[in-house]
Amino acid sequence: MTRSIARSEAQSPTLCPERLQRGMRRLHGGRQTRIRNRPIPTVRNHPARLPDIYFAPTKKGFALLTIHYGDMDGVIYNTSIFFNNVYSAEWLEDPFAQKIIKAVDRGVVLGPNAIETKVLGVIPPEKLSSGTKTLLLMHFMPENIYNASNCGDNCARWILAIGKAQDVTVNLYHLMNFGERRFTIHVANTDEVVHSMDELVLVAAKCLRESAK
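Described in the following lines is the structure provided in the data block. (Residues numbered from 1 in each chain as written. Predicted model: local features only at pLDDT ≥ 70, side-chain atom pairs only at ≥ 80, totals over all residues. Heavy atoms only, no water.)

### Brief notes about the sheet that holds strand β3 (residues 65-69)
Across the sheet, six strands lie side by side as β4-β8-β9-β3-β10-β11; this open sheet has mixed pairing. Pairing within the sheet leaves two strands with one partner each, and these edge strands are β4 (75-76) and β11 (192-194). Across two bridges, the pairing between β4 and strand β8 (residues 145-147) is parallel. Following the sheet pairing, I76 is matched in β8 by Y146. Strands β8 and β9 (168-172) of the sheet are contacted by helix α4 (residues 130-140), whose axis makes an angle of about 170 degrees with β8. (Pairing = 2+ DSSP bridges. Helix = DSSP H or I, 4+ residues; strand = E, 2+ residues; numbered from the N terminus. Contact = heavy atoms within 4.5 Å. Axes fitted to C-alpha atoms, helices over the stretch in contact; angles between N-to-C directions.)

So, in C-alpha cells, the structure goes:
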C-alpha cells in the first residue's frame, strides 16, 4: 500500500501543547523546550512546510531524524541498485514522491514507468538520480539505513521533511548542509541532539575525524 507523508484534513491530528511539550522533552533528554506562544496547528500541509516545532507522532513518541557519521553495520550503501530491485510502480503515484522527483531531478511523472525530464527526456524510474532514489527509499522503506552521501545538498530539505514524519536513520560520510533554518537531528555517534548547522558542524566534524582514524 502506498504511504504518503501528506495527510488529509480529516486524518490530520491536532496536537495539544502539553502533549507536544512532553514529546519534545523526550527528544531533548528531559530538558524544557520552549514552544512559541501561538496555537499548535492542525497538520494540513506538506511536512516540508510545517513549523519547526512540529514532529509527527509515532508509536515510540515523536518522529526523529538520526544521522550516523562514518562506517556502521547494516547500511545500504549502493542505494541506486537497491532501489532498482525493490521499488514499486505505485511509489510514483504518491504526491510526496512526485514532489521529490520534480524538485531534485526536475522531472514530471507521466505514469508508473515514465518520468519526463528536461535533460534526459522521458526516462524510467531506474534512471532517476541516486539522490532521488535514496529519498524515495527513505520515504517508503524507512526501516532500513541508507547511505545519504549518495545525496547532494539539494536533498537535505527533503531528508528533514521525511524525518519530521517518521523515524529514519541515515549514514553520512560528509558534512551535508541542512540550511539556515532550525531543525532537530539526533547524532547517533555522540547521542547528541542539535538544532542548527552551527551546532551540527562541531559535532559532525568531530565524528568524521574519529571515523577517519
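That covers the picture; the talk isn't over yet.
### Here's the deal with the pairing of strand β5 (residues 107-111)
Regular strands show a simple pattern: their side chains alternate between the two faces of the sheet. Relative to strand β6 (residues 114-117), β5 runs antiparallel, the two being bridged by four bridges. Residue pairing in the sheet places G107 in a bridge with T117 of β6. Counting the residues that bridge the hairpin from β5 to β6 gives two residues.

### Section: the packing of aromatic side chains
Evaluated as defined, the whole model comprises seven aromatic pairs. A ring pair is formed by Y77 and Y173, whose centres lie 6.3 Å apart and whose planes are at 45 degrees; its orientation type is tilted. Placement of the pair is Y77 in the loop between β4 and α2 (79-86) and Y173 in the loop between β9 and β10 (185-187), with a sequence separation of 96 residues. Centre to centre, the rings of F83 and Y87 are 4.9 Å apart; their planes meet at 5 degrees, and the pair counts as stacked. The exposure classification of F83 matches that of Y87, with both residues buried. Put simply, the rings of F83, Y87, W91 and F140 pair up and form one aromatic cluster. R157 extends its terminal NZ or CZ atom over the ring of W158, reaching a point 4.3 Å from the ring centre. (Phe/Tyr/Trp six-rings, centres within 6.5 Å; stacked < 30°, edge-to-face > 60°. Buried < 20%, exposed > 50% of the residue type's maximum accessible area, 1.4 Å probe, protein only. Lys NZ or Arg CZ within 6 Å of the ring centre and 35° of its normal.)

### Some remarks on the sheet that holds β5
Reading across from one edge, β5-β6-β7 is the order of the three strands in this open sheet, with antiparallel pairing throughout. Of all the strands in the sheet, the pair left with one neighbour each is β5 and β7 (121-123). On average, each strand axis in the sheet is inclined to that of its neighbour by 30 degrees, with strand direction left out of account.

### Side note on unusual backbone geometry
With a phi angle near 55 degrees, R106 is a residue other than glycine that sits in the positive phi range. When you line up the elements, R106 lands in the loop between α3 (95-105) and β5. Positive phi is not limited to glycine here, since D191 has a value of about 60 degrees. Note on placement: D191 falls in the loop between β10 and β11. When its relative accessible area of 59% is taken as the criterion, D191 is described as exposed.

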